[in-house]
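A look at the structure
Chain by chain, the residues:
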Amino acid sequence: MSQTPTHPKLDAKIPSGHISEKWTNFKSTAKLVNPNNKRKHTIIVVGTGLAGGSAAASLAELGYNVKAFCIQDSGRRAHSIAAQGGINAAKNYPNDGDSIWRLFYDTVKGGDYRAREGNVYRLAQISNNIIDQCVAQGVPFAREYSGLLGNRSFGGAQVSRTFYARGQTGQQLLLGAYQAMEKMVGAGKIQMYARHEMLDLVVADGKARGIIVRDLVTGEIERHAADAVLLCTGGYGNVYYLSTNAKNSNVTAAWRCFKRGAFFANPCFTQIHPTCIPVSGDYQSKLTLMSESLRNDGRVWVPKTIGDKRSPEQIPEAERDYYLERKYPSFGNLVPRDVASRNAKEQADGGKGVGETGMAVYLDFADSIRRLGDHTISERYGNLFQMYEKITGDDPYKVPMRIYPAVHYTMGGLWVDYHLMSTIPGLFVLGEANFSDHGANRLGASALMQGLADGYFVIPYTLGNYIANNTFPKVDESSEPFAATEAEARGRINQLLSVNGSRTVQDYHRSLGHIMWDYVGMGRTRDGLQHAITEIGKMREEYWQNLKIPGSPDTMNKSLEFAGRVADFMELGELMARDALQREESCGGHFREEYQTEEGEAKRDDENFSFAAAWEYQGEGTLPTMNKEPLTFEYVAPSQRSYK
Amino acid sequence: MSDTLMTIHLKVWRQDAPTQPGKFVQYTVPGVNPHMSFLEMFDLLNEQLSVKGDIPVEFDNDCREGICGSCSMVINGMPHGPQRGTAACQLHMRHFKDGDHIVVEPWRAAAFPMIRDLVVDRSSLDRIIAAGGYISTNTGAAPDANSLPVDKDDSDRAFDYAACIGCGACVAACPNASASLFTAAKVGHLALLPQGAPERKRRVINMVEQMEKEGFGDCSNHGECEAACPKEISISAIAMMRREYVKAVVGS
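Cut-offs used in this document
Residues numbered from 1 in each chain as written. Chains lettered and ligands numbered in written order. Predicted model: local features only at pLDDT ≥ 70, side-chain atom pairs only at ≥ 80, totals over all residues. Heavy atoms only, no water. Helix = DSSP H or I, 4+ residues; strand = E, 2+ residues; numbered from the N terminus. Buried < 20%, exposed > 50% of the residue type's maximum accessible area, 1.4 Å probe, protein only. Salt bridge = Lys/Arg side-chain N within 4 Å of Asp/Glu carboxyl O. Phe/Tyr/Trp six-rings, centres within 6.5 Å; stacked < 30°, edge-to-face > 60°. Lys NZ or Arg CZ within 6 Å of the ring centre and 35° of its normal. Pairing = 2+ DSSP bridges. Axes fitted to C-alpha atoms, helices over the stretch in contact; angles between N-to-C directions. Polar contact = N/O pair within 3.5 Å; in protein donor to acceptor, adjacent residues only side chain to side chain. Contact = heavy atoms within 4.5 Å. Buried area = accessible area lost by both parts, 1.4 Å probe. Nonpolar A, V, L, I, M, F, W, Y, C, P; charged D, E, K, R; others polar. Domains from an automatic or database assignment. Expected span 1.5 Å × (residues − 1). Left-handed = near helix turned anticlockwise from the far one by under 90°.

Points about the environment of Val566(A)
Residue and element names in this part refer to chain A. Inspection of the secondary structure assignment puts Val-566 in helix α15 (residues 558-582). For Val-566, a relative accessible area of 0% translates into the label buried. Here the alpha-carbon distance between Val-566 and Val-239, two residues 327 residues apart in the chain, equals 7.9 Å.

Structure below.
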């Protein structure tokens, strides 16, 4: 297979040396910015989740002037706050055989050999610094009576390497980053712009030099210039309408960068999380995740007989199928997410699903409660059990939970090199918004790790190297590129408002979600994907003729905000389907029904598809073109993933 | 539990801008499923308004799973509504009856200026954190995480305070519109941990001063904050903050 990318912009810039020395080699040769010069540079950070918050804080501490933007009313509300289960690190505190190598290996394997080795190894190396940093900030991780940190295991791993803060790990980590950021706001080194939405990227002389934003309170359009732009805007799971993402999570900032020349990589790689509260009706606005950590103590089962509608306590042990334990004896209930999700779908499709809709399986804690007692289970999962009861009205201490897969995370994102820089110089992409570390499937407790690795420990070095290696002629916010980009952003808003049709944004979004879930969801086929492309095309056409947005552009107006986001989601959805169509193999979360083993597992095609697909925008009305960054595996030989 | 659809009568605070007077407007929402969340019932209302060409009700919301702290509705006089330990987004309509009348208002406090309808500006809470609600550890300076054991009970208590979602329900519930529970939760979280010790005195003084500067009222032990808190943070935090404050002032 060719080792050269099909486009000169796709140079991953992996440093030389043995994989364990690459990051050290980079750091020791990277150019530095003199402390007195850092304050002459303004850096824009869009998004204040784990990646953005940690980056803004760390860069401000170094002396850069930071302008931080978020769409929520406070930096503390970014969707990272909702992550439940934990964060991985290769500390090996439990003495169970973990190491940086093993975390690296598990992540590459878990990603079904579609991630870049160099990036993943760095992530594993940095994982330990993250835990140190967070503990020093006062993040209250779970502790043993010794006063030392506790760990638990997570799907896809046979060691206990997950640090956690009850079922609210994301909240506590984000508050750590947010507090570090607020400290620098107080010190005058970060200017915070809450309730501001990025509408476009300003590119001047080939470099990212600013953004156009809308003040979501007044509707005013503003221009902000900088020497570099960091996009930390999260994933695009809401393209499915129903997902575990927060309602305001969206792809707009990333999509506008795509249209300015940033390549979008592997858009079809979506993670469908196996343990979510099932859909209960079509009024539903979002889905709620039940942390994967529950699979440590819960056993997944369905009735052995098709159509058995008895309530769970009436089904005797011998008539239950603990299908994960049966099919995957060595990993059991702790198989990776993609495997667990696909198996749940298989059971439901085969008529063994439970609950009113039949679109659910049981997650049963009875054995663990017998073994460990209510108290221990409550210590581990108390808040999750409470949340489940609030939403469903059922008590999981007494009745097995009903769970079903839901869209949770997107591994695809803007293409970045080892420096986290996109194909637009000066535009860096961090956290879930980039594509780099998780391949075709992310392991549990690795999203928090990646967000914080990028923000705390990678970008301070790679951004410095970029600043030191380039000159930055002053660009004025009144200059032509800013004026032109703003005019386009205003044009889009006016166009949306001028349609004046009869169908609401939410209605379109929900329909888009149905198409995406049915045809670009857990099981994908050539015909289905082609159908999705046609249907989305029709819907896009109708959207611009029949959309209805009440209210005006110069006030707070959620309908208008969502109208712009849904327009971008439709375009992205189509690209996801095209990407899934070209990838004629199954890998990780991407399951093409035509490509499976006899046992129904994902069948990769390393010969033809061992590459990252990096899509390039070609203008309105023209199809994007696909470029390939070949993936080479020098340290972990690809094999068929086996969790049996 | 019945799945029979309900009709709900709402009285909702509408206000176009801080400079314009607001008023209650009545709406009748048919077709409410008891499994809906309170915010999904508002989605339904807003769809009905949009289809008619009326302006939807603006309300802050995001995660809809009780952790981001965005939602901020006073429901029948109670911030986040009648269910204890539950944010409005996790309040489900099964706790209401067909034909119920429900009054919905924004958080009201001088330190939370009105923006529109049910949306207020809570940035004063961010400024309290910026005044001292952190441990100053620059990135990269941390020792090994296990080099400093922390008593498990202290760590658990710190967590109980750290669970605050910063929604401001405590302020909305307080007759004095005090942010004492919010501020005390952060003071308590950091004071209970050995990592927080070096900045302990300066932190409590600066945060309390900022709270006053923002125009929040004083605490006079009504206890409404604890009752309204969706994370059930104990008012013991405020007692702890007072002790910390006195020690800091006397000791400095």
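Still more to cover.
Let's talk about the pattern of salt bridges
When the charged atoms of two side chains with opposite charge come close together, those side chains can pair. Residue and element names in this part refer to chain A. On inspection of all chains with the given rule, the structure shows 64 salt bridges over all chains. In this structure, the salt-bridge partner of Asp-132 is Lys-91, at a minimum N-O distance of 2.6 Å. Placement of the pair is Asp-132 in helix α5 (residues 117-137) and Lys-91 in the loop between β3 (87-88) and α4 (100-110), with a sequence separation of 41 residues. Under the relative-accessibility criterion, Lys-91 is labelled buried at 13%. The partner of Arg-526 in a salt bridge is Glu-584, and the shortest N-O contact between them spans 3.5 Å. Of this pair, Arg-526 sits in helix α14 (residues 526-546) while Glu-584 is found in the loop between α15 and α16 (606-609), placing the two residues 58 residues apart along the sequence.

Some thoughts on the packing of aromatic side chains
Applying the stated criterion to the full structure yields 34 aromatic pairs over all chains. Judged by centre distance (5.9 Å) and plane angle (80 degrees), the rings of Tyr93(A) and Phe163(A) are edge-to-face. With Tyr93(A) in the loop between β3 and α4 and Phe163(A) in strand β4 (residues 162-163), this pair connects stretches of sequence that are 70 residues apart. Looking at Tyr93(A), the relative accessible area reads 25%, which means it is partly exposed. A ring pair is formed by Phe42(B) and Phe59(B), whose centres lie 5.6 Å apart and whose planes are at 65 degrees; its orientation type is edge-to-face. Of the two residues, Phe42(B) is situated in helix α1 (residues 38-52) and Phe59(B) in the loop between α1 and β3 (74-75); the sequence distance between them amounts to 17 residues. Judged on exposure class, the residue Phe42(B) and its partner Phe59(B) are both buried. The ring of Tyr145(A) has Lys152(B) sitting right over it, with the charged end atom 5.3 Å from the ring centre.

Remarks on the sheet that holds strand β7 (residues 207-215) of chain A
All names here are of chain A. Across the sheet, 3 strands lie side by side as β6-β7-β8; this open sheet has antiparallel pairing. Of all strands in the sheet, those bounded by a partner on one side alone are β6 (196-204) and β8 (221-225). When the angles between neighbouring strand axes are averaged without regard to direction, this sheet yields 25 degrees. The sheet contact formed by β6 and β7 spans 8 bridges and is antiparallel. Across the sheet, the residue bridging to His-196 is Asp-215, located in β7.

What to know about the side chain of Asn128(A)
Residue and element names in this part refer to chain A. Position of Asn-128 relative to the elements: it lies in helix α5. On the basis of relative accessibility, which here comes to 16%, the residue Asn-128 falls in the buried class. Reaching out from Asn-128, the side chain makes a polar contact with the backbone nitrogen of Lys-91 at a distance of 3.0 Å. Not counting chain neighbours up to four residues away, the residues in contact with Asn-128 comprise Ala-89, Ala-90, Lys-91 and Ile-100.

Points about the pairing of strand β5 (residues 101-105) of chain B
The two faces of the sheet receive side chains in turn, since in a regular strand these alternate between them. Residue and element names in this part refer to chain B. Pairing of strand β1 (residues 6-14) with β5 involves 4 bridges; the strand directions are parallel. Opposite Lys-11, over in β5, you have Val-103 as the bridge partner. The pairing of β3 with β5 spans 2 bridges and is classified as antiparallel. Bridge assignment links Ile-75 to a residue of β5, and that residue is Val-104.

Concerning unusual backbone geometry
In this structure, Asn92(A) is a non-glycine residue whose phi angle is positive, near 55 degrees. As for its position among the elements, Asn92(A) is in the loop between β3 and α4. Asn92(A) gets classed as partly exposed once you look at its relative accessible area, which sits at 26%. Although it is not a glycine, Arg64(B) sits at a positive phi angle of roughly 55 degrees. Looking at the element boundaries, Arg64(B) is found in the loop between α1 and β3.

As for the interface of chain A and chain B
Listed by partner, the interface residues are 76 residues for chain A and 74 residues for chain B. Interface area for chain A against chain B, summed over the two sides, is near 6200 Å², with a carbon-plus-sulfur share of 48%. In terms of surface lost to chain B, no three residues of chain A exceed Arg77(A), Tyr283(A) and Lys390(A), which account for 12% of the buried area on that side. Our count for the contact surface shared by chain A and chain B stands at 46 residue pairs in polar contact (both at pLDDT 80 or more). Sorting the residues of the side of chain A that touches chain B by element identifies α3 (50-62), α5, α6 (169-186), α10 (366-392), α11 (447-469), α13 (505-519) and α15 of chain A as the ones contributing at least two each. Counting residues per element, the side of chain A that touches chain B draws most heavily on α6(A), which supplies 8 residues. A per-class count over the side of chain A that touches chain B returns 25 nonpolar, 30 polar and 21 charged.

Describing the environment of Gly439(A)
Residue and element names in this part refer to chain A. For Gly-439, the position within the fold is in the loop between β17 (427-429) and α11. What makes Gly-439 buried here is its relative accessible area of 2%. Other than its neighbours up to four places away in sequence, Gly-439 contacts Gly-111, Arg-114, Ala-115, Phe-269 and Met-411.

Structural notes on the domain arrangement of chain A
Residue and element names in this part refer to chain A. In terms of domains, chain A is made up of domain 1 (273-407) and domain 2 (480-606). For domain 1 versus domain 2, the distance between C-alpha centres works out to 30 Å. When domain 1 packs against domain 2, close to 820 Å² is buried across both sides, 56% of that on carbon and sulfur atoms. On the domain 1 side of the contact with domain 2, Asp-338, Arg-342 and Lys-345 bury the most area, a combined 51% of that side's loss. At the junction of domain 1 and domain 2, the tally comes to 0 salt bridges.

As for α15(A)
Residues and elements named next belong to chain A. The terminal C-alpha atoms of α15, which comprises 25 residues, lie 36 Å apart, in line with the 36 Å expected from a rise of 1.5 Å per residue. Of all 25 residues that make up α15, 24 are buried, and the element is covered over most of its length. Two to three positions downstream of the cap, the backbone nitrogen of Ser-559 sits 3.1 Å from a side-chain oxygen, assigning the N-cap of α15 to Asn-557.

Here's the deal with the domain arrangement of chain B
It is common to give the size of an interface as the accessible area that goes away when the parts come together. All names here are of chain B. Assigned domains within chain B: domain 1 (6-105) and domain 2 (122-251). Taken over C-alpha atoms, the centre of domain 1 sits 30 Å from the centre of domain 2. For the pair domain 1 and domain 2, the two sides together bury roughly 960 Å², of which 52% comes from carbon and sulfur. Here domain 1 is connected to domain 2 by 1 salt bridge. Measuring nitrogen to oxygen at the nearest pair gives 3.4 Å for the salt bridge that ties Arg-122 to Asp-60.

Overview of the packing of α3(A) against α6(A)
Axes are the key here: two packed helices are described by the angle between their axes and the distance separating the axes. Residue and element names in this part refer to chain A. The N-to-C vectors of α3 and α6 enclose an angle of 35 degrees; their axes lie 8 Å apart at closest approach. In this structure, the crossing between α3 and α6 has a hand that is left-handed. Two secondary-structure elements touch here, α3 through Leu-50, Gly-53, Ser-54, Ala-56, Ala-57, Ala-60 and Glu-61 and α6 through Leu-173, Leu-174, Ala-177, Ala-180, Met-181, Lys-183 and Met-184.

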